Each structure stands twice: as structure tokens, then as C-alpha cells.
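Spelled out, the chains give:
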Amino acid sequence: MLLLLLALLALAAGEEAGSIADVLKHAGLEKYQATFDERGYDSPSLLRRMSDMDISAIGMDSDESESLKKSIEALVPNKKKKKGPAKKEDPSLIRRRELTFGRLYVDGSPSSFQFKKARFGGELPLKSHEVVFAPNSFGCGPVDEAKGSYLVVSRGECTYLEKAEAAASSGAAGLIVVNTDNGDLFELPAGYDMTPEEVAALPSIPVVLVPLNALDVLMHITKEDPFARAALVPLECNVDGCFPVYKVDLKYLSDYDSSGGRIYVTGADGREVGLDFVTSSFGSVLPLSGEIVPLEGGGGLGCEESAVTNLADLENKIVLVERGGCSFFQKIAMLQKWKARLVVVADDKRGNALKSIGASTEELGQLYLPVIMVTRNSGDKIHDLLRERAEKAESDGDVDMPYATLTRERQVAVLWEEVWNFKMHCCKGEGGREEEEEEKGGGGGERVRAK
């Protein structure tokens, strides 16, 4: 009795009570002392970590096991780590959870799409994920390929909740539902008159609705780059625009930015000349490299298909076209039809600051071909380099094809936006960066590097 009292006093003081021998004696199991010693049990705290399998391995029967557990509970303090003060959660993260509107961004693509978060489902992930499509488009059943990815499905055929349950059962990181039109987005409902138990059982993955014009572009992106990663970034809107509220989302916007960069074209002497570009606001992922050719016939404008003389040579090529004569949409749609890989539009006026090419809501759903814009000087430089290579190939029998590589450099787009704003608000019609470059013998942000 005295031994038990001392043990309880030690427990109250938060200290380790007695020894393993004391515990075994209290349980009437002294005969197992040697076994415990052989197995290295040298501290009573180790007894609390023993599983039923560990106790069985000692050779105890069920009654002895229960007796040991009771003695351990009575004599060995359960030391729990003291909890410190609760860590204050980042207010911006709390605000992020409350937002229901945002944009879907894909690494390497200038395209982004609005989304609306469903009234059910989990929080929007802080991590990016690959994108996969449901084989039957509607996603009313499990999709094995969806594990760890965002699953894209079309609206219809089954309820939103059934789609979410199928995606969750497949291990998807989230569900992206494509709307039937490009109209106003809304918060997808799970259903009506649901019991608290049914609400608690709802899928925990995030569910969002995107417009119809996202479908073909996303499909083309995954075709070009099956491992392209997408981020669902919630945005807070005010009179100045819509912006991320959390630091991780800001990083995605920076890392995924493909609004500008440089295209390097190899000359006949083996040098690569780098020229600034800005990207369209639509299209698939920018290719890293490819064979480059000029559009021939019709002044290189690409306005009339019948006027183009090298249509058969455009497939999977980077194609240089001239601005003017018709809309951007008309040019790009024609080159997309002939399976070009990238369109390089050369501006039609010297002194123009580079500006991103846009598209209407209806056009966005039809254009997935990536497009970049270069200055007039840069367009002329590319034509010169291609002509030099063609002449060298004719004279030397050199069969190497003209090649171009692209780098994504956000700062290029930022600088050209500053030039554009300066010229629009300060010195409209009085020249700008390109004219300054011409005086220096450059033109349009030209860079040269040895191959």
C-alpha cells in the first residue's frame, strides 16, 4: 500500500515513478523481470509505448496483459508535451478561404480563366497540380488517371455532387467543371433540403466552375505539355482590379507569367540574335524552340488562304506573319487550321511600343495557338536572318533549318508596358524605345549571343 502511495505521489509531481520492477511487482508479474531486462526495457516510460503485440511477445496471456496495463496506468505517468500558446493564423490566409471568385492559371500559358467556387467542397489548394480530362467528358464515374490532379469535366449528364464524389473517389486534387456557355458563372449547389449528416458527408475536394471557352484551350495545353501544372488562385476585387491576397498565390502569378520574353533566331554565321516579344492574352503554352519560317505570298499578311504559297510547310512551325490587312483573329485562325506551332506577328509601324494582342470572349474559345508580337525592326531582323540562311543553304548545300528558341522573361513585358504608358500619356507620336534603339544601331530590344 505504501509503495502504491509513493508511486501516486510521484505521478502527481509529474516525475517517472519507481522502476520496471515496481510495476511488475504491483501487477504480480515479477517472473517476467529477466525477460524485460533482456529486451532492453530500462525505463518505465517505455512500458507506455508497448503495443498488444509487444506484450504478447513477452509471453503473457490475456489476463496478465490486462494486469500489466492497469499497473502501468496506475504507476507510470503519461507525460504529455505542454501546449504552448496557440499560433495566430495568417489573416490573409483566412481571407483567402472566404473568397469564391478567382482565376485558373497554367504554367507557361498566357491564358487564364475565371472560376467560381462551388457552395460545397474543400478549400482551394495552395499547391499547383497537373490537369487531366475525364475520358467520357462528363466525369460521372471514377477516373483512374485523376489521382493527384485537377480533373476537368463538362457540365451535364449527372449532378455536380455526383461528379465531385466520383472525382474524390478517384483521388483527384480538385474538380474543374466546364460550363455550357460563356455567360455569368455561379456557385454550383450540392442539392437542396440536405440533412446535417448529408452536408458533413460532402466531398472534401475543391470544386469550381469555369466558362466554356476554357475547354479547348486547356485540352490543347495538355496535348502540348501533358505535365503542365495549373493553379486555382482566389482573387479579391476592388475598383482597381482583382488581386491575390496570399503570398503563395502572388508567387504563382510571377512564376507562371509568360507575358514577355525573347526569341533567339540563329543566323547563317551561327550566332543567335535575341529579340524582345510580348505574348497575346490567349493561347496554349509557349514552345521552347522550333523551326521558324516566314509566311509566303499575299504580302505575308495571312489574310487570304488562297494567297499563301507555303501552306503545306507550316505544320508544327513557328510562323512569322505581318500585322495589318485583316484582324488578328483571321490570321491566327487560318494558321491554327494549318497546324502552326507558334505565330510571330511583326508590327507594321516603326516606333510602336509592343502591346499584347487580345481577343473577344467568343474568340477565346476558338483560339488556342500561342501568339507573340515583335517590333517592326525585329520583324525585319528575322526576315534578314532567314534570308541569309536560305542563301547559305543554296550556295553551300547547308540543309540545316532556321531555328528559334524562346525564353520567358517577365521583365521584358513590364518594360514594354512602361514604354507604352509613357508614350500614351506623355509623348504620344513622339517616338519611344524603338527609335532610341535605332539610333544605337539596335532595334526593338535586340540581343546577340554566340551559339
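Everything numeric in this text was worked out from a predicted model, so none of it was measured.

I keep staring at the overall build of the protein and nothing clicks. Help me out?
When you go through the protein residue by residue, the secondary structure sums to 16 helices and 17 strands. Taken across its 451 residues, the protein has 45% of its residues classed as buried. Roughly 23400 Å² of accessible area belongs to the protein as shown, and the carbon and sulfur atoms make up 51% of that amount.

Before we go on, may I ask you to explain the state of the cysteines in this structure?
Covalent bonding between the sulfur atoms of two cysteines is what defines a disulfide. Tallied over the entire structure, the rule returns three disulfides. The side chain of C140 participates in a disulfide bridge whose partner is C158; the two sulfur atoms lie 2.1 Å from each other. Disulfide C140 to C158: torsion about the S-S bond roughly -95 degrees, handedness left-handed. Highlighted residues: C140 in the loop between β3 (129–133) and β4 (150–154) and C158 in the loop between β4 and α8 (160–169), separated in sequence by 18 residues.

Just to check I follow, could you spell out the pairing of strand β2 (residues 112–117) for this structure?
Side-chain positions along a regular strand alternate between the two faces of the sheet. Of the two faces of β2, the one holding F113, F115 and K117 is buried and the one holding S112, Q114 and K116 is not buried anywhere. Where strand β1 (residues 101–106) and β2 come together, five bridges link them in antiparallel fashion. By the bridge assignment, R103 is partnered in β2 with Q114. Count of turn residues in the β1/β2 antiparallel hairpin: five residues, of which G108 carries a positive phi of about 90 degrees. Pairing analysis gives two bridges linking β2 to strand β6 (residues 207–210), with the strands arranged antiparallel. For K116, the partnering residue across the bridge sits in β6 and is L209.

What is the right way to read the side chain of N310 from this model?
Mapped onto the secondary structure, N310 falls in the loop between β12 (289–294) and β13 (318–322). A polar atom in the side chain of N310 sits 3.0 Å from the backbone oxygen of P294. Among residues more than four places away in sequence, those in contact with N310 are P294, L295 and E296.

Would you mind going over the packing of aromatic side chains with me for this structure?
In this description, a pair of aromatic rings is defined by centroid distance and the angle of the planes. Considering all chains together, one arrives at one aromatic pair under this definition. With centroids separated by 5.4 Å and ring planes inclined at 55 degrees, the aromatic side chains of Y252 and Y256 adopt a geometry described as tilted. Each member of the pair, Y252 together with Y256, is buried.

Got a minute to help me understand the nonpolar core in this structure?
Soluble globular proteins: nonpolar side chains tend toward being buried together. If you look at the biggest cluster of nonpolar residues, it comprises 26 residues, and the most contacted ones within it are L295, V319 and L335. Looking at this core, the element that brings in the most residues is helix α15 (residues 410–425), giving four residues. Those residues in contact with V319, other than ones at most four positions away along the chain, are V293, L295, L314, L335, A340, L342, V343 and V344.

Explain α15 to me, please; I cannot follow it from the model alone.
Turn by turn, an α-helix covers 3.6 residues, leaving residues three or four places apart pointing in a common direction. The end-to-end C-alpha distance of α15 is 23 Å, a good match for the 22 Å that 16 residues give at a rise of 1.5 Å each. Turning to α15, its buried residues are V412, A413, W416, V419 and K423. Buried residues of α15 fall within an arc of 120 degrees about the axis and therefore sit on the same side.

Even after reading the chapter, I still don't get the pairing of β3, so can you show me in this structure?
Relative to strand β7 (residues 229–234), β3 is paired through two bridges, and the arrangement is antiparallel. Directly across from E130, in β7, lies its bridge partner R229. By the bridge criterion, three bridges tie β3 to β4 in an arrangement that is parallel. Bridging across to β4, V132 finds its partner in L151.

Which parts of the structure should I look at to understand the side chain of D347?
Mapped onto the secondary structure, D347 falls in the loop between β14 (342–346) and α13 (361–364). The exposure class assigned to D347 is buried, which follows from its relative accessible area of 2%. In this structure the side chain of D347 is engaged in a polar contact, spanning 3.3 Å, whose partner is the side chain of N352. With sequence-adjacent residues up to four places away left out, D347 is seen in contact with R323, N352, M373, V374, T375 and R376.

Explain the sheet that holds β6 here, please?
With mixed pairing, the seven strands of this closed barrel are ordered in space as β1-β2-β6-β5-β4-β3-β7. Strand-to-strand twist in this sheet, taken as the mean axis angle between neighbours without regard to direction, amounts to 40 degrees.

What is the right way to read the environment of P44 from this model?
Within the element layout of this structure, P44 appears in helix α4 (residues 44–47). Remark: the alpha-carbon pair of P44 and S19, spanning 25 residues in sequence, is separated by 5.8 Å.

Explanation requested: the packing of helix α2 (residues 20–27) against helix α6 (residues 62–75) in the structure shown.
Helix-helix packing is described using two parameters, namely the angle between the two axes and the distance between the axes. Running from amino to carboxyl end, α2 crosses α6 at an angle of 125 degrees, the nearest separation of the two axes being 8 Å. Here α2 is positioned oblique relative to α6, judged by the angle of their axes. Crossing angle aside, the handedness with which α2 passes α6 is right-handed. Residue-level contacts link D22, V23, L24, H26 and A27 of α2 to S67, L68, S71, I72, A74 and L75 of α6. Of the residues contributing to the contact of α2 with α6, the split by class is seven nonpolar, three polar and one charged.

Mind showing me how you'd approach the pattern of salt bridges here?
Pairing between side chains of opposite charge can happen when the charged atoms of each approach one another. Under the criterion given, the structure shown has 20 salt bridges. K251 is paired through a salt bridge with D255; the nearest N and O atoms lie 2.5 Å apart. With K251 and D255 both in helix α11 (residues 247–255) and four residues apart, this pair spans about one turn of that helix. The residue R410 makes a salt bridge to D257 at a minimum N-O spacing of 3.2 Å. Placement of the pair is R410 in helix α15 and D257 in the loop between α11 and β10 (260–266), with a sequence separation of 153 residues.

Looking at this structure, how should I read unusual backbone geometry?
Across the chain, the bulk of peptide bonds are trans and the bulk of non-glycine residues have phi less than zero. The residue S137 is not glycine, and still its phi comes out positive at about 70 degrees. As for its placement among the helices and strands, S137 is situated in the loop between β3 and β4. The exposure class of S137 is partly exposed, given its relative accessible area of 31%.

Looking at this structure, I do not really get the confidence of the model for the protein. What am I missing?
Reading predicted coordinates in detail is not appropriate for stretches of low pLDDT. Taken as a whole, the protein shows an average pLDDT of 84; of its residues, 88% reach a score of 70 or greater. Confidence drops under pLDDT 50 across residues 1–17; counting only partners more than four residues distant or on other chains, this segment forms 22 contacts. Low pLDDT, under 50, characterises residues 430–443; the predicted model gives this stretch 28 contacts beyond four residues in sequence or across chains.

Cut-offs applied
- Every chain is numbered independently, its residues counted from 1 as its sequence is written.
- Since the coordinates come from a predicted model, pLDDT governs what is reported: local features require at least 70, and pairs of side-chain atoms require 80 or more to be given and counted, while whole-chain, interface and lining totals use all residues.
- Each side-chain value is worked out from all heavy atoms of the structure, with water and hydrogens disregarded.
- Secondary structure elements follow DSSP: runs of H or I of four or more residues count as helices, runs of E of two or more count as strands, with numbering from the N terminus.
- Throughout this description, buried means an accessible area under 20% of the type-specific maximum (1.4 Å probe, protein chains only), exposed means over 50%, and partly exposed covers the range between.
- Using a 1.4 Å probe, the Shrake-Rupley method yields the accessible areas, and only the shown protein chains count as cover for residues.
- When the sulfur atoms of two cysteines come within 2.5 Å, that pair is taken as a disulfide.
- Any two strands with at least two DSSP bridges between them are considered paired.
- By the criterion applied in these results, polar contacts are pairs of N or O atoms within 3.5 Å in which, for protein atoms, one can donate a hydrogen and the other can accept it, and in which residues neighboring in sequence qualify only through two side-chain atoms.
- Two residues form a contact once any of their heavy atoms are found within 4.5 Å.
- Only centres within 6.5 Å qualify two rings of Phe, Tyr or Trp (six-membered ring in Trp) as a pair; their planes then separate them into stacked at under 30 degrees, edge-to-face at over 60, and tilted for everything else.
- What is meant by a nonpolar core is a set of buried Ala, Val, Leu, Ile, Met, Phe, Trp, Tyr and Cys residues, joined one to another through side-chain atoms within 4.5 Å.
- To estimate how far a helix should reach, multiply one less than its number of residues by 1.5 Å.
- The arc refers to the directions leading from the helix axis to the C-beta atoms.
- Angles here are taken between N-to-C directions and fall from 0 to 180 degrees, while the axes themselves are lines fitted to C-alpha atoms, restricted in helices to the stretch in contact.
- Any angle that falls under 35 degrees is termed roughly parallel, while one over 145 is termed roughly antiparallel, one within 65 to 115 roughly perpendicular, and all others oblique.
- Definitions for this section: a left-handed crossing has its near helix turned counterclockwise from the far helix by less than a right angle. A right-handed crossing has that turn clockwise.
- Under the scheme applied here, ten amino acids are nonpolar (Ala, Val, Leu, Ile, Met, Phe, Trp, Tyr, Cys and Pro), four are charged (Asp, Glu, Lys and Arg), and all others, including Gly, are polar.
- Here, a salt bridge means any Lys or Arg side-chain nitrogen found within 4 Å of an Asp or Glu carboxyl oxygen.
- Here pLDDT means the predictor's own confidence in every residue, given as a number from 0 to 100.

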